[in-house]
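# Descriptive structure summary
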Amino acid sequence: MATTAAELPLDERLSRIWETRPGLLGALSSVDHKTIGKRYLVTAFVFLILGGVEALVMRVQLAHGALGILSPEEYDQLFTMHGVTMLFLYASPILSGFSNYLWPLMLGSRDMAYPRMNALSYWVFLLSGIFLYSSFLVGHAPDGGWFAYAPLTEELFSPGVDLDFYALGLTFLGISTTVGAVNFIVTLARTRAPGMSLNRLPIFMYGTLTVSVSILFAMPPLTVACIFLFFDRQFGTHFYQAAFGGSPMLWQHLFWIFGHPWVYIVVLPAMGMVSDIIPTFCRRPLVGYTFVALATVSTGLLGFGVWVHHMFATGLPTMTLSFFSAASTIITIPSAVAVFAWLATIWYGRPWFTASFLFMAGFVVLFVIGGVSGVMTAAVPFDWQLTDSYFVVAHLHYVLAGINVFPVIGGIYYWFPKMSGRMLSERLGKWNFWTMFVGLNVLFFPMHILGMLGMPRRVYTYPVGLGWDTWNLVETIGAFLFAVGVLLFIINVAWSRAFGDRAGVNPWNAPSLEWSIPSPPPVYNVAVIPTVASRHPLWEPELIGEQKSRIHEGPTLTDGRETMATTTLDAQPLAVLRMPGDSYWPLLLALSLAAFFYGALLGWWWLIGVGAAATFVSITGWLWPEPPAEEA
Amino acid sequence: MATATTTRSLPVGLRGKASPAFWGMALLIVNEASFFAYLLFSYFYLAAVAHGAWPPGGRPELKLAIPNTVILLVSSGTMWWAESGVRKGRMGRLKLGLLITFVLGVIFLAIQGVEYASKPFGLRADAYSSLFYTITGFHGAHVAVGLLMNLVVQVWVWRGLVTPTRRQAVTNIAWYWHFVDVVWLAVFTTLYLSPYFGLR
Amino acid sequence: MSGAGDVGPVPSGGERGGYELRVTSYELTILRLVTRNSYFVTRLRKLLIGAAAALLLAGCAESPTYMTSSGAAGSREAALGWTLTIISCAVVALVAVLLVWGLARRRESGTGVSEGREGVSWIYYGGVLMPIVVLLFAFTYSTVTLTGLHHPPGEPKVHVEVIGHRWWWEMKYLDGAPEGVFYTANELHIPVGVPVHLDLRSADVIHSFWVPKLAGKTDLAPGSENSMWIEAKEPGVYLGECAEFCGLQHAHMQFRVVAESPRQYAAWLADQRAPARVPSEPDEKRGEQVFANAPCAGCHTIRGTDAEGKVGPDLTHVGSRLTLGAGILPNTPGHMAGWIASSQAIKPGSYMPTIYLKPAELQTLVSYLQSLR
Ligand code: HEA
Ligand code: HEA
Ligand code: CUA
Ligand SMILES: [Cu+2]
């Protein structure tokens, strides 16, 4: 080499340190959070399409009563896999994708706290998704509904591998979710830019932080429930079998202790995105930042105390029902706080009607419609009518499609310029918004009515002549309209990636740190570690008249893969952190786990053994320390 | 453009409780603790809804379980002894401590195996037996994992990869081991003692 | 195409003429409580009710909607339901108005970022105070309804055990002397105006007992001993459904509740208690033979004959029933023949196998079964 490393320009030096080896082998070893984040986004989006196509097929069958397009076996697999896909393989991973991509950029850091664990959580997500979907190849996808109530899901009533895929697949996926959660917590605690104290974080980070902590307590009950189910099915235990002293209710408690927190886990980061994006497009800070941050955290907490509202019709004592009904009612307050904070921000701001903003504004309406139908189901006596009817299907789609899909699509409109360096087409974006918005309402609003007309959920067909046909047909039309909207989005992304306008550093004039670096960001994210002096570092000139945060000066950390560690509460510099480089261990570990879970599925003990041994080897290899340098 | 400011006043890397490695272990422990909490929740739930006697076959035998508990507690002590050894730079004590802990852990598992063999019921007898074997089995698996960690760290110690200044691995596995012991106390209290307190 | 979805002429009951009136007078009271009659709110309310009622009615006359009820419990649930619906619509309207207004209202021009400390009071009033007031009311109302529904309005005089099977319903009438206990299937007869106590049991997985027009759901789960009460305020035939996913034919696990005058009910009870009618016509007699020789008796009971199978529904008085195959086919000779000859086509996965019989045999068999009134 002609020049020594020290003589190269800064960006050149940093690139050399942080770059991933080119080619497939390099890609398999990459631990760059941006790469992983994009993989998460794309993979989760593919699952959205898979789940969506499953739903479209269901909608065709339900377009009219007594259609015979799907057999009951097929329908049951489709609606189960639709629910499982949407809730586990799309809704949560897509948000992990955003967090993975954006966190270090927002934090002014070079990577996540555990880059390799980040890769692990992606690989496990991918493989567990493949695991669950491989059930279609053998024609035995899970068919017990997304909450798989025992004893229907016991071996006696569901022989075959269907529910083994479910029990093992979700346990496997749980590893990814948990590892990811730990990573987010430590990243937030350790790698914030100096000065970025807790009251200066974007709300989005509060969302992800809250759900990451929730995950630590919410994933285990699902894992326990699934392991019990698997043992019941394969080893003859009796956890859910009343005849042997077990109880089907045990499954319901365990599942919903997980399940309710989970539905907030899949929306709080998305709501956080809204809380950050609305202010950008309203050209003013969020009204009531502290309240919204607290609302986010308290929703996560309260979410652990409402699970029984999914079990109102199971014959529990009145006292229990009232308690959980009250808790479910109280949980609306933090949501209401957020809603009025958004409304006030829009009211007192100067809205800029971009496609992204339209999605956020549309979201507010959808959230409230979905929210109030939740409040209706929280009233026990009325829930006895509503539960397990299409009304609940309406509720869950307004909150899931409304609070998750809308912010996600709007979030892509917002951050795509950062990720790719090109703008998405605004014109197509507006078409995209309106087709999806109208489509969603045409698709899901009539479900409220159908519920009230007495139509139960999870039926593969229904009698004609009960007044259900017309609304079902309307829904089917809405479903295809919504799908067209999704298609427009895909077209927009595909086209704009190649031909979109150049984005520049900060096309939206947004306030947070990710908008201070080039689009797309360089591999090392930030050339210097910034020092943050306020909640809106890039708005300081306009808000307080001077640039107090130091964005372009600060430590450069060029001695290797390094980033800054700061203290947990007030983000004071603590140390320089050495970050691990690219590695194959995460992929190997994920593959070993996959071998283990396939072994368990097939009952091949040798494969279980191989998987376990390989897991041990991978973890040991991963953690194997470097020989100590000579002690200085 | 960017101005370089140096950070040479800051230490490189974090040690002890501030290090990401320690945080990772701590959060793993939180997660695992909640896993066991739900296992025990399941026990109490099924006990509460049981129709007949609980446990169905009468109160569990304590003859093996009490000494076994003592063994595990002692192993926590030896682990602590080993870890404080490395903190003081006494590598010999570390090696010995880890070894003793390892042996005690193996004895614990062996006694657990003997107890399994002596139980009049198998895994499939009823819900109680399912709970008993599953919960103690998961605990046993955690002990086994702790032993594997112990073994790996012993190898590292012997190969000089762990030094008094680079001892995070020892701290981490020590915490994990203490956690496994504390979980055992919870499991022991629930499965073995609560029937004696009239808790069903 | 299978006739599976074809419910035929069986009415699903409940009158509906007076319903609009009832709703209006009722929600007036509620809204007076909720809001202090402002002109705007009154207009809005009228609009909402009108729209909601129109939407529901557009759903068609025959639907088993629970928003109008013929049951003692159901009508209180419906009242609560309307209140909540109105509140919900009002909240959505409020937010939508604030949003659209906020988006559309004029502002001084400029694109710069503004400081803006105003707006926090929105959170105090809209985000905290308003929901607390509204929800306190809603929760109180809901809890009053809940406790009110805990006990039936009077001592139940009729006791029935309802047993959920995959995918049909078994009704065991418990009243009277032990000899008077009998089984029937997929049809629950009850006297009008009398609370009926139901013990809910499951033979296999979890099902849920739901008669939308009469009362909300309660699950039937193995190992739990749930019960509920229902009371029909008006005579009629009401559609019942299984509301918990229970496998392949969950969609086809329906039943009928026949609410009739106490006198009619007593007559029905007496008929059902009697053993099966002895066939008189030659056709029927031959049919009885066919039944005895085909595998039917292994699964079905006909009291008074040797048939004592317990797998499928009791057929002692099958001819008197309104429907076949768990409420999915009208009970006509044609449908019955179709059911026996092709149950698997009509209800794939059902535990009633398709039975191959010669056409003549099938015909006599059907005559016999139809004669069991
Ligand atoms: C995205 C996830 C999500 C979210 C955010 C919510 C939010 C809420 N949910 Fe929902 N819920 C689901 C996902 C979600 N839910 C799913 C997937 C199911 C079905 C599972 C299944 O069976 O398959 C379900 C089912 C479900 C049930 C069980 C229904 C049944 O099966 O019988 C209940 C019952 O209480 C309930 C309640 C609530 C409540 C009270 C809220 C509250 O958090 C909502 C709070 C928000 C608002 C109310 C709007 C904003 C507030 C204002 C504008 C203030 C003014 C409001 C009033 C005065 C009313 N939900
Ligand atoms: C994030 C969560 C999420 C999302 C986004 C959706 C989206 C949709 N869901 Fe939902 N759904 C659930 C979560 C979700 N669902 C859950 C949890 C259940 C409960 C499951 C259970 O009971 O166990 C459920 C149940 C459920 C049912 C009830 C099934 C039953 O009870 O019998 C129905 C029925 O219509 C339905 C329909 C739809 C439709 C039409 C969409 C549409 O919005 C989908 C639109 C998306 C696409 C269509 C993808 C885009 C495709 C392309 C771009 C390709 C173009 C292709 C063509 C045009 C062919 N879903
Ligand atoms: Cu029985 Cu659904
Ligand atoms: Cu919930």
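A brief report on the enclosed structure follows. None of these values were measured; they are calculated from a predicted model. (Residues numbered from 1 in each chain as written. Chains lettered and ligands numbered in written order. Predicted model: local features only at pLDDT ≥ 70, side-chain atom pairs only at ≥ 80, totals over all residues. Heavy atoms only, no water.)

### Side note on the site of ligand 1
- Neighbouring residues of ligand 1: 36 residues in total, closest Trp146, Tyr264, Asp383, Thr387 and His395 of chain A.
- This site is not confined to one chain, since residues near ligand 1 come from chains A and C.
- With respect to ligand 1, the side chain of Tyr264 of chain A contributes an N or O atom lying 2.5 Å from an oxygen atom.
- For the shell around ligand 1, the secondary-structure elements that each account for two or more residues are α8 (248–265), α12 (332–348), α13 (355–378) and α15 (390–420) of chain A together with α3 (72–104) and α4 (120–150) of chain C.
- When residues in the shell around ligand 1 are grouped by element, the largest group, seven residues, is from α13 of chain A.
- Residue composition of the shell around ligand 1, grouped by class: 24 nonpolar, 10 polar and two charged. (Near = heavy atom within 4 Å. Polar contact = N/O pair within 3.5 Å; in protein donor to acceptor, adjacent residues only side chain to side chain. Helix = DSSP H or I, 4+ residues; strand = E, 2+ residues; numbered from the N terminus. Nonpolar A, V, L, I, M, F, W, Y, C, P; charged D, E, K, R; others polar.)

### Structural notes on the sheet that holds strand β2 (residues 168–173) of chain C
Residues and elements named next belong to chain C.
- One open sheet holds the five strands; their spatial order is β3-β2-β1-β5-β8, and the pairing between them is mixed. One side of each edge strand has no neighbouring strand; the edge strands of this open sheet are β3 (182–185) and β8 (226–230). Pairs of neighbouring strands in the sheet enclose a mean axial angle of 30°, with direction left out of account.
- As paired elements, strand β1 (residues 158–165) and strand β5 (residues 196–202) share seven bridges and run parallel to each other. Residue pairing across strands places Val162 opposite Leu200, the latter belonging to β5.
- Helix α5 (residues 262–273) contacts β1, β2 and β3 of the sheet and is inclined by roughly 105° relative to β3. (Pairing = 2+ DSSP bridges. Axes fitted to C-alpha atoms, helices over the stretch in contact; angles between N-to-C directions. Contact = heavy atoms within 4.5 Å.)

### Topic: the coordination of the copper ion (ligand 4)
Residue and element names in this part refer to chain A.
- Within the protein, the copper ion (ligand 4) binds to His260 (ND1), His309 (NE2) and His310 (NE2); these donor distances fall in the range 1.8 to 2.0 Å.
- Going along the chain, you hit the donors of the copper ion (ligand 4) in the pattern H-x48-H-H.
- Between the copper ion (ligand 4) and the iron atom of ligand 1, a spacing of 4.4 Å is present. (Donors = N, O, S within 2.8 Å, 3.2 Å for Na, K, Ca; no water.)

### Digging into the coordination of the iron atom of ligand 1
- Donation to the iron atom of ligand 1 from the protein comes from one atom only, His395 of chain A (NE2), at 2.1 Å.
- Among the structural elements, His395 of chain A can be located in helix α15.

### Quick look at the interface of chain A and chain B
- Listed per partner, the contact involves 60 residues of chain A and 48 residues of chain B.
- Approximately 4400 Å² of surface area, both sides summed, lies buried where chain A meets chain B, with 72% of it carried by carbon and sulfur atoms.
- Summed over the shared surface of chain A and chain B, the number is zero salt bridges.
- Summed over the shared surface of chain A and chain B, the result is 13 residue pairs in polar contact (both at pLDDT 80 or more).
- Elements with a minimum of two residues in the side of chain A that touches chain B: α6 (162–190), α7 (203–235), α8, β1 (553–555), β2 (562–566), β3 (573–578) and α20 (605–623) of chain A.
- Here the side of chain A that touches chain B gets 11 residues from one element, more than from any other, and that element is α7 of chain A. (Buried area = accessible area lost by both parts, 1.4 Å probe. Salt bridge = Lys/Arg side-chain N within 4 Å of Asp/Glu carboxyl O.)

### Things to note about the interface of chain A and chain C
- Taken together, the contacts link 92 residues of chain A with 92 residues of chain C.
- When chain A packs against chain C, the two sides together hide about 7800 Å² of surface, and 70% of this comes from carbon and sulfur.
- Seen at the junction of chain A and chain C, the total is one salt bridge.
- Glu118 of chain C serves as the salt-bridge partner of Arg284 of chain A, at 3.2 Å between the closest nitrogen and oxygen.
- On inspection of chain A and its partner chain C, the count reaches 18 residue pairs in polar contact (both at pLDDT 80 or more).
- Among the secondary structure elements, those contributing two or more residues to the side of chain A that touches chain C are α4 (72–107), α8, α11 (318–330), α12, α13, α14 (380–386), α16 (426–452) and α18 (540–544) of chain A.
- Per-element accounting of the side of chain A that touches chain C gives the leading share, 12 residues, to α12 of chain A.
- The residue makeup of the side of chain A that touches chain C, split by class, is 60 nonpolar, 22 polar and 10 charged.

### Side note on the packing of α6 of chain A against helix α1 (residues 20–49) of chain B
- Close contact between α6 of chain A and α1 of chain B brings their axes to 10 Å; oriented N to C, the two are set at 135°. Our classification of the angle between α6 of chain A and α1 of chain B gives oblique. Along this stretch, α6 of chain A crosses α1 of chain B, giving a crossing that reads as right-handed. Of the residues in α1 of chain B, those touching α6 of chain A at Thr178, Val182, Ile185, Val186, Ala189 and Arg190 of chain A are Pro20, Trp23, Gly24, Leu27 and Asn31 of chain B.
- Taken together, the residues of the contact of α6 of chain A with α1 of chain B break down into seven nonpolar, three polar and one charged. (Parallel < 35°, antiparallel > 145°, perpendicular 65-115°, else oblique. Left-handed = near helix turned anticlockwise from the far one by under 90°.)

### Topic: the site of ligand 2
Residues and elements named next belong to chain A.
- Around ligand 2, a shell composed of 32 residues is seen, among which Arg59, Tyr75, His82, His397 and Arg458 lie nearest.
- Between an oxygen atom of ligand 2 and a main-chain N or O atom of Trp146, the distance comes to 2.8 Å.
- Take Arg458: an N or O atom from its side chain is 2.7 Å from an oxygen atom of ligand 2.
- By residue class, the composition of the shell around ligand 2 is 24 nonpolar, five polar and three charged.

### Section: the pattern of salt bridges
Residues and elements named next belong to chain A.
- Per the counting criterion, the structure on display carries 14 salt bridges over all chains.
- For Glu475, the salt bridge identified is with Arg59, shortest N-O distance 2.9 Å. Of this pair, Glu475 sits in helix α17 (residues 469–499) while Arg59 is found in helix α3 (residues 33–62), placing the two residues 416 residues apart along the sequence. Summarising the burial analysis for this pair, Glu475 and Arg59 share the class buried.
- Arg457 serves as the salt-bridge partner of Asp388, at 4.0 Å between the closest nitrogen and oxygen. Of this pair, Asp388 sits in the loop between α14 and α15 while Arg457 sits in the loop between α16 and α17, placing them 69 residues apart in sequence.
- Judged by relative accessible area, Asp388 falls into the buried class, the value being 8%.
- Accessibility expressed as a relative area gives 9% for Arg457, which makes it buried. (Buried < 20%, exposed > 50% of the residue type's maximum accessible area, 1.4 Å probe, protein only.)

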